[in-house]
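# A structural walkthrough
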Amino acid sequence: MANTSEFGESNPSLQNYASTASAVKLASLGLIMGISLVGNASLSLLLLKDSSLHKAPYYFLLDLCLADVVRSAVCFPFVMASISHGSAWPHSPLSCKIVAFMSVLFCFHVAFLLFCVSVTRYMAIAHHRFYSKRMTLCTCVAVICMVWTLSVAMAFPPVFDVGTYKFIREEEQCIFEHRYVKANDTLGFMLMLVVIVGTTHVVYVKMLCFVYDHRKMKPAQLVPAISQNWTFHGPGATGQAAANWIAGFGRGPTPPTLVGIRQASHPGNRRLLVLDEFKMEKRIGKMYYMITLSFLILWAPYISACYLRIFVRGAPVPQLYLTAAVWLSFAQAGANPIISFLFNKELRMRLRACLPCCLGTQTPMEPYCVI
């Protein structure tokens, strides 16, 4: 202890560097936590309040946002406490295991849920009729429950020392202890995470190939037959004209046999219903792919460092790189609402509609087709 104090007294610049580094870590993590809490809470309230957003893709987005809120509110304060105590865990070993369990739980939850969303996005594009019939609220709840069950199954075994949850001083968090492969059994968990993320991107590539193969196909449009004098030829032609008129597509005088029957009215974009749905599904698919891509980019540096420590005995990972990788994985908690509003026009319009007081004039909203 005397040597340590003498070393600290003889190196004031080292102490200043350590205090500055701790301040930067606390400030950056506080900013990440604030953005995550405000952004995810705002998006969650919007998804709950606006009934037009009560559909399958946004149920999954709501689950993502709520999970990020819990992760930011529960896990990040413990990291800040460890930084404040000089990169040391100030609580009991049991609390360290609980925090580590929750951190791994939320990581696998995002990975599993994004995989399930990629499958539903492919179904919405390639098998839209089946998707629109089967993807109900109950189906979404079942998928979300399955995702949480799988996530718990992946995160719970290390609590019983199958793998090891410990406080990692270099990372300033409680997480897996990634040692050499012969001395640790966390390799399976890391491989599972990589397989899930890779399979998710394969599904999106398959969806992109489907869209590319069908790019020359014209979208279906409801173009009914129109006649001004109601003169048709062929069997059933007059009946078809009457059905068209009742459905609201007929123009001109009322057929003599339909006098007194009210003609149905349709919005002006009714003929482009299928095209509008296709554009909306593509827009939602793009948003979710950007969320998946951000998850890969933000977690890739940390996963690479973990694999390096697993496969290379005594691999020296630079402290600056490791700290940046850990903080990038933290930043993923606040990225989803930013990406959602940037790449989803419908969410931006609904947000402006919910905040008329913040704008000079309220922008009229375009009609959207509900899945």
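As recorded in an unreviewed UniProt entry, the protein goes by G protein-coupled receptor 27 and comes from Myripristis murdjan. Looking at the Subcellular location (unreviewed entry) heading of the UniProt record, one finds this comment for the protein: "Cell membrane".

## Here's the deal with the UniProt feature "transmembrane region" (unreviewed entry) in the protein
According to UniProt, the feature "transmembrane region" (unreviewed entry) maps to residues 26-48, 60-80, 100-124, 136-156, 189-212, 288-312 and 324-343 in the numbering used here. Annotation note: span residues 136-156, helix share 90%, strand share 0%, distance between end C-alpha atoms 30 Å. Between the end C-alpha atoms of residues 288-312 the distance is 35 Å, and the span holds 96% helix and 0% strand.

## What about the state of the cysteines?
Note: disulfide means a covalent bond formed between the sulfur atoms of two cysteine side chains. Summed over all chains, the structure comprises one disulfide. Covalent S-S linkage joins C96 and C174, the inter-sulfur distance amounting to 2.0 Å. Around the S-S axis, the bridge from C96 to C174 shows a dihedral of about -115° and counts as left-handed. Taken together, the positions of C96 in helix α4 (residues 93-126) and C174 in strand β2 (residues 173-176) put the pair 78 residues apart, joining distant regions of the chain. In terms of burial, C96 and C174 fall into one category: buried.

Rules used throughout
Residues numbered from 1 in each chain as written. Predicted model: local features only at pLDDT ≥ 70, side-chain atom pairs only at ≥ 80, totals over all residues. Heavy atoms only, no water. UniProt positions renumbered as here; feature names shortened; annotations may be inferred. Helix = DSSP H or I, 4+ residues; strand = E, 2+ residues; numbered from the N terminus. Disulfide = S-S within 2.5 Å. Buried < 20%, exposed > 50% of the residue type's maximum accessible area, 1.4 Å probe, protein only.

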